[in-house]
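Secondary and tertiary structure notes
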Amino acid sequence: MKKITIGITAHVDSGKTTLAEAMLYKSGTIRKAGRVDNGNSALDTNNIERSRGITIFSHQAEFTVGDTQFFLLDTPGHVDFSAETERTMPVLDYAILVISGTNCVQSHTATLWKMLRKYDIPVFIFVNKMDITGVEKQNVLDDLKRRISDKCTDFSGDDGMICENSAICSEKLMDKYFSDGILADNDIAQAINERKIFPCFFGSALKMNGIEEFLEKLKRFTSEPVRKKEFGAKIYKISYDSKGSRLTHLKITGGQLKMRGEISFRNENNEDITEKISSIRFYSGEKFRTADYASSGDVCAVSGLNSSYAGQGLGCETSTFGLVTEPVMTYFISIPENKNINDVLDDLHRLEDEDPQLHILWNDHLREIQIQLMGTVQLEVLTQLIQQRFGYNVQFLNGVVAYKETIGNTVEGVGHYEPLRHYAEVHLLMEPLERGSGLKFDSNCSQDILDTNWQRLILTHLQEKTHIGTLVGAPVTDMKITLVSGKAHTKHTEGGDFRQATYRAVRQGLRQADKILLEPCYEYELELPTECVGRAIADLQHMCADFSTPENTGDMSVISGVAPVSEMSNYQAELISYTRGRGRLSLCVYGYRECHNAEEVIKSIGYNCDSDINNTADSVFCSHGAGFIVKWDEVHSKMHLPSYLESENKSELHIERKRRFSVSDEELMEIFQRTYGKLNTDPRRAFKKTKAVTLNNKPVKLPDLSQPTYLLVDGYNIIYAWDELKKIAAENLDAARSELINMMCNYQGYDGSELILVFDAYKVKGKHRDVEKYLNINIVYTKESETADSYIERTTHELSRNYRVRVATSDGPEQLIIFGNGAMRISADEFHKRYIHARNEIKEFIDNMNIK
């Protein structure tokens, strides 16, 4: 029987679990299809999942179609649980990507597609909710081709249509189609397996439309991978059953796994371990069957492995590292007074065992537990999970962005550890890497300098610790650390000496380097009414976000791009407010980029690297039988080994000098003539005097530098002069003022002037003048006894000395005074025409960009 492991994934609320229920029901695996909203689905087995109506943990089910046995893995769709989804990817033969017909491709869909591409997984696409009025099949297919892949192909027709559509995606299939007039199932299946075709199916999981056809074609167009003869397995998940037994979920990729058989492997600490399998379980939802063995292609859970971890490879398989998704927020955990902090840490590490992306950290400096999470939904779920599993409540406090640090130049870090009867010196070359590369470790040290066993020990020490930076104490990333030199003592060196020297070398290198603070970013998709685009763009600029040209679809526009998590995380509420509930924001984790407000963040965190004694950059040397501390910036003058970088630079300089001066006479003559002209060989002209060349010292006239332009707007004068604002003010003056503020934000983005909007104090009560920065404009509320006229007159008098100033008002006496101060005056009517012109220009620009 053919065995296929297939995962099902989607953006949240696309109907993924409903589709899984329909597939199990139509294949005869379950008697009644459950519903997510009723809390009785077969795959969402956890109480928290059923109460929230979302998938939080990956679940397994089995079903059979004809001669094909499918192992189905249902994965979470919410962005906060992306890591759980990604951990299943390495064990999949195929994936089903569920698309909501009403929303088409969403932001998290794009993230899932990147994961599938990274792990090179063939994909079947099921477009759900096609029964909803207004959903057009061709529109959805066009969106898939444009935003996912042009290889997305309609497979919902008859065999002739499938062959014709498949042939378009591959030259090989096209040639075969023209020669034979038909394509065999195996040919199409091979193209799907090679990711040259992405079959698309359309239906409704809730109403069971299109499910039987989908199952039949899954059977027809999937092929079982070639299995290995020797034993191999990939672990994708760790869990605990209701009795507390530790379960290791894995896929057998080769050979056979027997109950009570022994498995040898290396744990996370790189230690050799041998453990015995005590049971083998095949799960389908919360039910399972036991077996004496598991064969190649099976997906099962085993007990007895207490040192395994998610991502680990057993037997002939290698381990998987470096997930696409990373936590973006850090929280501090407050525990009940009657709980021992060590017991809480043990419980949290048990949860971390199941979900390694939790990143449980003990901050010894602050004496508190820290945890890194993806977002607020995961935070709420974790709070419930701790109460459910361990019986006590915790609080998560002071959620801050999970920053990281890296370096901007290559340095050599040196660590020396030599108290009495101890000795170790380590030299590390630290080089910056591209964003998203993580940490990489290597050795380029000769065995003649340092024995291989010591080198391996140093590399182990490099990998065992989370090294933190010197700016805010955040973990370091995106650099390559290479062991280039080291020294041991034949009598006094112990293993712990190299640990101390290695840690100090890393820290000393970080202190020398150009330091860069990195912040996590979201990839966002913003859908809102077209008339709100100007406001949204002003907000995005204020957030230091990147954004694309808005795409118009009817009266709605879509803006996508990348924005800092710190700025974008709370934008949803503001979006709903100014779009009156019509705006929609989708977020997914993008990765790390250079922090947009690094100085502000560093100051607010207030980390002092000198006082962090647990991560010192100083070294310990020995003199007259006693150890003494040498500060990090003096280590290079006292280290026992020569500098690797200096010797490399000298070697390169020597080679460069040798290359420079190894030139022939002909080359020298050619250089001379190219510089000074051809030599004059006429003996008579050689004695002829020539005029000396002089420089023309006339002064060069430089162009005038453009000065900033200021635009002052008399707020209430404009409100009562413009008909649309006057109408709003008749009912609600605050609403008219807010509308004018938003209009001025849009106008400033077009005009580029420094815009100051002034409101009279008698309309807004307050004893003191209030000046606030709102997005891209400045708003002034005058003092209670001060009119807008007097403020504008005084301000124009001051600014007109150095800048170009314009004032928008229809107040006649004020216009005369403004003119006398040297400023330009703009009437309310003229200013209204300019605003309308700017608004039309922006709309025309957006429309033209969409046409292109």
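Note that the structure is a prediction, hence the values are computed from the model and not measured. (Residues numbered from 1 in each chain as written. Predicted model: local features only at pLDDT ≥ 70, side-chain atom pairs only at ≥ 80, totals over all residues. Heavy atoms only, no water.)

A count of helices and strands for the protein gives 26 helices and 39 strands. Within the protein, buried positions represent 49% of all 852 residues. For the protein, contacts bridging at least 24 residues in sequence account for 70% of all contacts bridging at least 6. (Helix = DSSP H or I, 4+ residues; strand = E, 2+ residues; numbered from the N terminus. Buried < 20%, exposed > 50% of the residue type's maximum accessible area, 1.4 Å probe, protein only. Contact = heavy atoms within 4.5 Å.)

Let us now look at helix H14 (residues 533–542). Counting buried positions along H14 gives seven out of 10 residues, so the element sits mostly inside the fold. If you check which residues of H14 are buried, you get Val533, Arg535, Ala536, Ile537, Ala538, Asp539 and Leu540. Just downstream of H14, Cys544 is the residue with a positive phi angle, here 60 degrees.

Our focus in this paragraph is the packing of aromatic side chains. For the structure shown, the criterion picks out 21 aromatic pairs. For the pair Phe155 and Phe201, a centre-to-centre distance of 6.1 Å together with 65 degrees between the ring planes defines the contact as edge-to-face. Within this pair, whereas Phe155 is found in the loop between strand S6 (152–154) and helix H6 (159–169), its partner Phe201 is found in strand S7 (residues 198–202), the two being separated by 46 residues in sequence. Like Phe155, the residue Phe201 is buried in the burial classification. An aromatic cluster of three or more residues is present, and its members are Tyr94, Phe124, Phe126, Phe155, Phe201, Phe214 and Phe221. Lying across the ring of Tyr240, Arg350 places its NZ or CZ 4.1 Å from the centre. Here Lys465 stacks its cationic end above the ring of Tyr503, 4.4 Å away from the centre of that ring. (Phe/Tyr/Trp six-rings, centres within 6.5 Å; stacked < 30°, edge-to-face > 60°. Lys NZ or Arg CZ within 6 Å of the ring centre and 35° of its normal.)

Moving on: the pattern of salt bridges. Under the criterion given, the structure shown has 43 salt bridges. The salt bridge involving Glu194 is made with Lys196; its shortest N-O contact spans 3.2 Å. By relative accessible area, Glu194 is classed as partly exposed at 40%. Residue class for Lys196 comes out partly exposed when judged on its relative accessible area of 35%. Of the charged contacts in the structure, one is a salt bridge between Glu830 and Arg834, with a shortest N-O distance of 3.3 Å. Within this pair, Glu830 and its partner Arg834 are both found in helix H26 (residues 828–851), separated by four residues, close to a single helical turn. (Salt bridge = Lys/Arg side-chain N within 4 Å of Asp/Glu carboxyl O.)

Taken in spatial order, the four strands line up as S19-S20-S18-S21 in an open sheet, and their pairing is antiparallel. Here the strands that pair on one side only, and so sit at the sheet edges, are strand S19 (360–363) and strand S21 (395–401). Going across the sheet, the axis of each strand differs from the next one's by a mean of 30 degrees, ignoring polarity. Bridging between S19 and strand S20 (residues 368–373) involves four bridges; their strand directions are antiparallel. Paired with Leu361 across the strands is Gln370, a residue of S20. (Pairing = 2+ DSSP bridges. Axes fitted to C-alpha atoms, helices over the stretch in contact; angles between N-to-C directions.)

With that out of the way, let us pick up the packing of H14 against helix H16 (residues 571–578). Where H14 contacts H16, the two axes come as close as 11 Å, and the packing angle between them is 160 degrees. The pairing of H14 with H16 is recorded here as roughly antiparallel in orientation. With respect to the hand of their crossing, H14 and H16 are arranged in right-handed fashion. Contacts between H14 and H16 pair Arg535, Ala536 and Asp539 from the former with Tyr571, Glu574 and Tyr578 from the latter. (Parallel < 35°, antiparallel > 145°, perpendicular 65-115°, else oblique. Left-handed = near helix turned anticlockwise from the far one by under 90°.)

Glancing now at unusual backbone geometry. Peptide bonds are, in most cases, trans, and in most cases residues other than glycine have a negative phi. For Arg260, which is not a glycine, the phi torsion comes out positive at approximately 70 degrees. Tracing the backbone shows Arg260 in the loop between strand S10 (256–258) and strand S11 (262–266). Of note, the phi angle at Arg421 is positive, near 65 degrees, even though the residue is not glycine. Here Arg421 is to be found in the loop between strand S23 (411–417) and strand S24 (424–432).

A few words on the nonpolar core. General note: in soluble globular proteins, nonpolar side chains tend to be found buried as a group. Core analysis: the largest hydrophobic core is formed by 58 residues, its most contacted members being Ile371, Ile386, Phe396, Tyr524, Leu526, Ile559 and Met568. Among the elements that take part in this core, helix H11 (residues 376–390) stands out by supplying seven residues, more than any other. Contact partners of Ile559, with chain neighbours within four places excluded, come to Tyr524, Glu525, Leu526, Leu528, Val533, Ala536, Ile537, Leu540, Phe547, Ser548 and Pro550. One finds Cys104, Leu116, Cys200 and Ala291 within the second-largest nonpolar core, a separate group that totals 49 residues. (Core = buried A, V, L, I, M, F, W, Y, C linked by side-chain atoms within 4.5 Å.)

Residues of helix H8 (residues 185–193) that are buried: Asp187, Ile188, Ala189, Ala191 and Ile192. In this structure, the buried side of H8 is in contact with strand S4 (94–100), strand S5 (123–128), H6, helix H7 (171–180) and S7.

Looking at the secondary structure, you find Lys515 in strand S27 (residues 515–529). If near-sequence neighbours (up to four positions away) are discounted, Lys515 is found in contact with Thr406, Thr470, Leu471 and Leu510. A polar contact is formed between the side chain of Lys515 and the backbone oxygen of Arg511, at a distance of 3.1 Å. (Polar contact = N/O pair within 3.5 Å; in protein donor to acceptor, adjacent residues only side chain to side chain.)

Closest axis-to-axis distance for the helix H12 (residues 452–464)/helix H13 (residues 495–512) pair is 9 Å, and the angle between their directions is 55 degrees. Between H12 and H13, the angle falls in the class oblique. Crossing geometry of H12 relative to H13 is assigned as right-handed. Residues Trp454, Leu457, Ile458, His461, Leu462 and Glu464 of H12 form the contact with H13, whose participating residues are Gly495, Phe498, Arg499, Thr502, Tyr503 and Val506. Of the residues in the contact of H12 with H13, the class split is seven nonpolar, three polar and two charged. (Nonpolar A, V, L, I, M, F, W, Y, C, P; charged D, E, K, R; others polar.)

With mixed pairing, seven strands are arranged side by side in an open sheet as S2-S3-S1-S4-S5-S7-S6. Two strands in the sheet have a free side with no partner beyond their single neighbour: strand S2 (59–65) and S6. Taken pair by pair, the neighbouring strands of this sheet meet at an average axis angle of 30 degrees, ignoring direction. Note: S6 against S7, three bridges, orientation parallel. Bridge pairing in S7 links Thr153 to Pro199. Contacting strand S1 (2–10), S4, S5 and S7, helix H4 (residues 107–118) crosses the sheet at an angle of about 170 degrees to S4.

This part takes up the side chain of Ser308. Within the fold, Ser308 resides in the loop between strand S16 (299–303) and strand S17 (313–315). Classification of Ser308 as buried rests on a relative accessible area of 3%. Excluding residues that lie within four positions of it along the chain, Ser308 makes contacts with Ile235, Ile238, Arg246, Thr248, Phe265 and Asp353.

With that out of the way, let us pick up the environment of Leu206. Mapping Leu206 onto the fold places it in the loop between S7 and helix H9 (211–220). Sequence separation of Leu206 and Ala33 is 173 residues, and the distance between their C-alpha atoms is 9.3 Å. Once residues within four sequence positions are removed from consideration, Leu206 is found in contact with Thr18 and Arg35.

On to the side chain of Arg87. Mapped onto the fold, Arg87 is located in helix H3 (residues 82–88). With relative accessibility at 8%, the residue Arg87 sits in the buried group.

This part covers the confidence of the model for the protein. Mean pLDDT over the protein stands at 84; residues scoring 70 or higher make up 88%. For residues 686–706, every residue scores under 50 in pLDDT, and the model assigns this stretch one contact once sequence neighbours within four places are set aside. Taken as a whole, residues 762–767 scores under 50 in pLDDT and shows 11 contacts with residues more than four places along the chain or in a different chain. (pLDDT = per-residue confidence, 0-100.)

As a further point, take the environment of Thr460. Relative to the helices and strands, Thr460 is located in helix H12. The class of Thr460 is partly exposed, set by a relative accessible area of 30%. For the pair Thr460 and Arg499, spaced 39 residues apart in sequence, the C-alpha separation works out to 9.0 Å.

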